[in-house]
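# Fold and geometry: a report
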Amino acid sequence: EVQLVESGGGLVQPGGSLRLSCAASGFTVSNNYMKWVRQAPGKGLEWVSLIYSGGSTYYADSVKGRFTISRDSSKNTLFLQMNTLKTEDTAVYYCARDVGPWGQGTLVTVSS
Amino acid sequence: DIVMTQSPLSLSVTPGEPASISCRSSQSLLHSGGYNSLEWFLQKPGQSPLLLIHLTSNRASGVPDRFSGSGSGTDFTLKINRVEAEDVGVYYCMQGLQTPHTFGQGTKLEIK
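Quick summary incoming for the structure in this document.

### Side note on the overall build of chain A
- Looking only at helices and strands, one finds 0 helices and 10 strands in chain A.
- Helices and strands in chain A line up, N terminus first, as β-β-β-β-β-β-β-β-β-β.
- Here the C-alpha radius of gyration of chain A, 13 Å, is about what a compact globule of 112 residues would show, namely 13 Å.
- Overall size of chain A, expressed as C-alpha extent along the three principal axes, is 40 × 25 × 25 Å.
- Here chain A holds 112 residues, and the buried ones make up 48% of them.
- Contacts in chain A between residues at least 24 apart in sequence constitute 51% of all its contacts with a sequence separation of at least 6.
- Carbon and sulfur atoms form 46% of the exposed surface of chain A, whose accessible area is close to 4900 Å².
- Treating the 10 positive side-chain charges of chain A as one cloud and the 8 negative ones as another, the clouds have centres 3 Å apart.

Spelled out as structure tokens, the structure:
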């Protein structure tokens, strides 16, 4: 079964860091275009970042320079390293493959 | 950035009746490869988003054939032939032509 499972969310103070993980099963992460999308409480979807199979990475302006997308082929896992977190980064973060599926999401709360 | 505008923002449909959602982009989504890079997602209440349609008109795996996508350039449409109770939720379009990829505001579908 093709599946994505996120982890790593939690409560962090402004200026802090978190690393989100997205473990894949049923397909190979490094052979696919993978993305992170977030959803602030009660809001719509916001694209955050993507990594192509060739390794090129792209970011939303709101996270550029603070977030880093990466993958580990040995673990078949996608990551999102989030540094210098701001209160406006509070959201459920989803990982997804280009043709699906999406993970269940992991909640990141940035608050003092 | 490409701005995606959906209409209507909400609709109430009787089961068995058709439904249609429009999505307009501020720039053409026509890729040099000859396809329009437009996707549709459904987020059911309390769930992760689900890919319905990719590349404008291709149903994702497992998506019922009552869902269809069409359009080209800047105007796109998602149609549901006969709405069922399980189709409730928020529908989003997303352009994948340019980074940052951008979503529409969402259209909430309710059952009468």
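Still more ground to cover, so stick around.
### Notes on the layout of surface pockets
- Approximately 230 Å³ is the volume attributed to the largest pocket.
- Looking at the largest pocket, it is lined by 14 residues, and the ones nearest its centre are Y33 of chain A together with S37, E39, L55 and G96 of chain B.
- The class makeup of the residues in the lining of the largest pocket is 7 nonpolar, 5 polar and 2 charged.
- Considering the residues around the second largest pocket, the lining is formed by L45, E46, W47, A60, D61 and S62 of chain A together with D1, P100, H101, T102 and F103 of chain B.

Basis of the calculations
- Chains are numbered independently. Their residues run from 1 in the order of the written sequence.
- Here the convention is simple: chains get letters from A, ligands get numbers from 1, in the order in which they are written.
- Local features in a predicted model are, by the rule used here, given only for residues with pLDDT of at least 70; side-chain atom pairs are given and counted only at 80 or more, and totals for whole chains, interfaces and linings are based on all residues.
- Values shown for side chains rest on all heavy atoms present in the structure; no hydrogens or waters enter the calculation.
- Starting at the N terminus, helices and strands are each numbered in turn, a helix being any DSSP run of H or I of at least four residues and a strand any DSSP run of E of at least two.
- The globule rule used here is 2.2 Å times the number of residues to the 0.38 power, and the radius of gyration it is set against is calculated over C-alpha atoms.
- Relative accessibility thresholds used throughout: buried, under 20% of the residue-type maximum; exposed, over 50%; partly exposed, between the two (1.4 Å probe, protein chains only).
- By definition in these notes, contact holds between two residues if any of their heavy atoms fall within 4.5 Å.
- Areas reported here follow the Shrake-Rupley algorithm with a probe of radius 1.4 Å; residue values treat only the protein chains shown as occluding.
- Only four residue types enter the charge count, namely Lys and Arg as positive and Asp and Glu as negative; His and the chain termini do not.
- A single reference atom marks each charge: NZ on Lys, CZ on Arg, CG on Asp, CD on Glu.
- A cavity, in this analysis, means grid points on a 1 Å lattice covering only the protein atoms where a 1.4 Å probe fits yet has no way out; a pocket is instead an open set bounded by protein on both sides within 12 Å along at least five of seven lines, and a residue lines either one if it has an atom within 4 Å of a point.
- Grid points are joined across faces, edges and corners, and a volume is the space filled by probe spheres set on the points.
- Under the scheme applied here, ten amino acids are nonpolar (Ala, Val, Leu, Ile, Met, Phe, Trp, Tyr, Cys and Pro), four are charged (Asp, Glu, Lys and Arg), and all others, including Gly, are polar.

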